[in-house]
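Single-letter residue listing:
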Amino acid sequence: MNFTTVSYWQAAENHSALLLQHYCYGNIPFCFLVLCSGENQSQGRAGAYLTGQLLGWFRRLPFRRLGRNPKRAVSVLEREMGRNLERLDKELESGGLTRSGSLLSASGIFCVDDCFFLFSRGEQKLFLLNKAFGRGSVRRLLEAPEEGTDAPGYVMRQGTFQQDAGILLATDTFCRFLEDSQIRECLYVDELDGEAQARRRLCELGRRCEAMGGRDMAAGVLLSRR
């Protein structure tokens with residue numbers, strides 16, 4: 001499996017936090033995308049701390065060993081991520097960056113080859129981008145928490161990437177001005193030919209939101225290719 005990863009970041013003052021890592025060990029791709037919403041300085045510092053800690057975690061991973069069995073690796077790393085998120089919640093609260101009952105809004109995806117897990121909490125939006133009956137399709141993911149072994153406040157799920165599909169992660173401020181039909185039209189997977197075009201289309205959506213008054217916006221797209 002090959003992946004294309006692109007991001008959009010509003011150039012004005014922006015309190016959101018975005019982490020995007022794309023690494024290959026041999027022919028096995030590892031992708032890690034994390035997005036934290038922030039609409040004030042305190043939330044911005046909390047998001048920067050969380051993404052900084054998760055970047056360190058990613059860089060310490062034993063990629064060679066994990067690449068031998070991607071499905072098992074994703075199961076192990078999902079549990080580890082749950083523990084990381086619990087620990088970071090406690091550190092953010094003890095450091096005064098968040099308060100009890102006012103937790104950081106964050107989401108992410110981690111891929112090892114065609115296996116992945118997702119996590120999300122708060123007002124973040126996650127969309128599956130694929131095709132249905134020869135047309136572009138957009139479906140929202142992880143909208144309703146369910147009982148399980150998720151980290152407190154987070155919904156966590158595993159899956160397998162289809163060929164020519166994608167995941168869009170976006171701050172609530174990014175999606176506030178967009179209809180699902182606009183996302184479907186602009187990010188139709190069959191028309192996203194290469195990294196440059198995918199980035200151009202995503203930034204086009206960002207500019208639409210900026211023109212309507214959007215602030216503190218960020219988004220990332222991960223596309224699968226055979």
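So, here's what we can say about the structure. The shown structure was predicted, so the numbers you read here are calculated from the model rather than taken from an experiment.

1. A short note on helix α3 (residues 70-94)
Then, in step 1: Between its first and last C-alpha, α3 extends 35 Å over 25 residues, near the 36 Å set by a 1.5 Å rise per residue.
Then, in step 2: All of the buried residues along α3 are P70, A73, V74, L77, E78, M81, G82, N84, L85, L88, D89 and L92.
Then, in step 3: Tucked into the core, α3 has its buried residues touching β3 (28-36), α1 (41-59), α2 (63-66), β4 (106-112), β5 (115-121) and β8 (155-160).
Then, in step 4: Immediately downstream of α3, the backbone of G96 shows phi near 80°, a positive value.

2. Some words on the layout of surface pockets
Then, in step 1: Considering only enclosed or pocket space, the largest pocket measures out at about 320 Å³ in volume.
Then, in step 2: When contributions to the lining of the largest pocket are tallied by element, the ones reaching two or more residues are α1 and α4 (172-175).
Then, in step 3: With 3 residues, α1 is the single largest residue contributor to the lining of the largest pocket.
Then, in step 4: Taken as a whole, the second largest pocket holds about 240 Å³ of empty space.
Then, in step 5: F116, L128, R139, L141 and I167 are the residues nearest the centre of the second largest pocket, which is lined by 16 residues in total.
Then, in step 6: Looking at the lining of the second largest pocket, the elements that each hand over two or more residues are β5, β6 (125-132), β7 (135-141) and β8.
Then, in step 7: Within the lining of the second largest pocket, the residues separate by chemical class into 8 nonpolar, 5 polar and 3 charged.

3. Examining helix α6 (residues 195-211)
Then, in step 1: Between its first and last C-alpha, α6 extends 24 Å over 17 residues, near the 24 Å set by a 1.5 Å rise per residue.
Then, in step 2: Of all the residues in α6, the buried ones are Q197, A198, R201, L202, L205, G206 and C209.
Then, in step 3: Just downstream of α6 lies G213, where phi reads positive at about 100°.

4. Digging into the sheet that holds strand β2 (residues 17-25)
Then, in step 1: The antiparallel open sheet is built from 5 strands, whose spatial order is β2-β3-β4-β5-β8. Where the open sheet ends on each side, the last strands, each with one partner, are β2 and β8. Here the strands of the sheet are splayed against their neighbours by 10° on average, with no regard to which way each runs.
Then, in step 2: By the bridge criterion, 6 bridges tie β5 to β8 in an arrangement that is antiparallel. Note on β8: the bridge partner recorded for S120 is V155.
Then, in step 3: In the packing of α3 onto the sheet, the strands contacted are β3, β4, β5 and β8, and the crossing angle to β5 comes to about 20°.

5. Topic: a positive patch on the surface
Then, in step 1: Among the surface-exposed residues, R64, R65, R68, R72, R79 and R83 lie close enough to one another that they form a single positively charged patch.
Then, in step 2: Those elements that place two or more of their residues in the positive patch are α2 and α3.
Then, in step 3: Per-element accounting of the positive patch gives the leading share, 3 residues, to α3.
Then, in step 4: Within the fold, R72 resides in helix α3.

How each quantity is defined
- Residues numbered from 1 in each chain as written.
- Predicted model: local features only at pLDDT ≥ 70, side-chain atom pairs only at ≥ 80, totals over all residues.
- Heavy atoms only, no water.
- Helix = DSSP H or I, 4+ residues; strand = E, 2+ residues; numbered from the N terminus.
- Expected span 1.5 Å × (residues − 1).
- Buried < 20%, exposed > 50% of the residue type's maximum accessible area, 1.4 Å probe, protein only.
- Contact = heavy atoms within 4.5 Å.
- 1 Å grid on protein atoms, 1.4 Å probe; cavity = no way out; pocket = protein on both sides within 12 Å on 5 of 7 lines; lining within 4 Å.
- Points joined across faces, edges and corners; volume = space filled by probe spheres on them.
- Nonpolar A, V, L, I, M, F, W, Y, C, P; charged D, E, K, R; others polar.
- Pairing = 2+ DSSP bridges.
- Axes fitted to C-alpha atoms, helices over the stretch in contact; angles between N-to-C directions.
- Patch = residues over 30% accessible without salt bridge, like charges linked within 9 Å, V, L, I, M, F, W, Y side chains within 5 Å.
- Areas by Shrake-Rupley, 256 points an atom, 1.4 Å probe, with all protein chains shown as cover.
- Salt bridge = Lys/Arg side-chain N within 4 Å of Asp/Glu carboxyl O.
- Lys, Arg positive; Asp, Glu negative; His and termini not counted.
- Charge placed at Lys NZ, Arg CZ, Asp CG, Glu CD.

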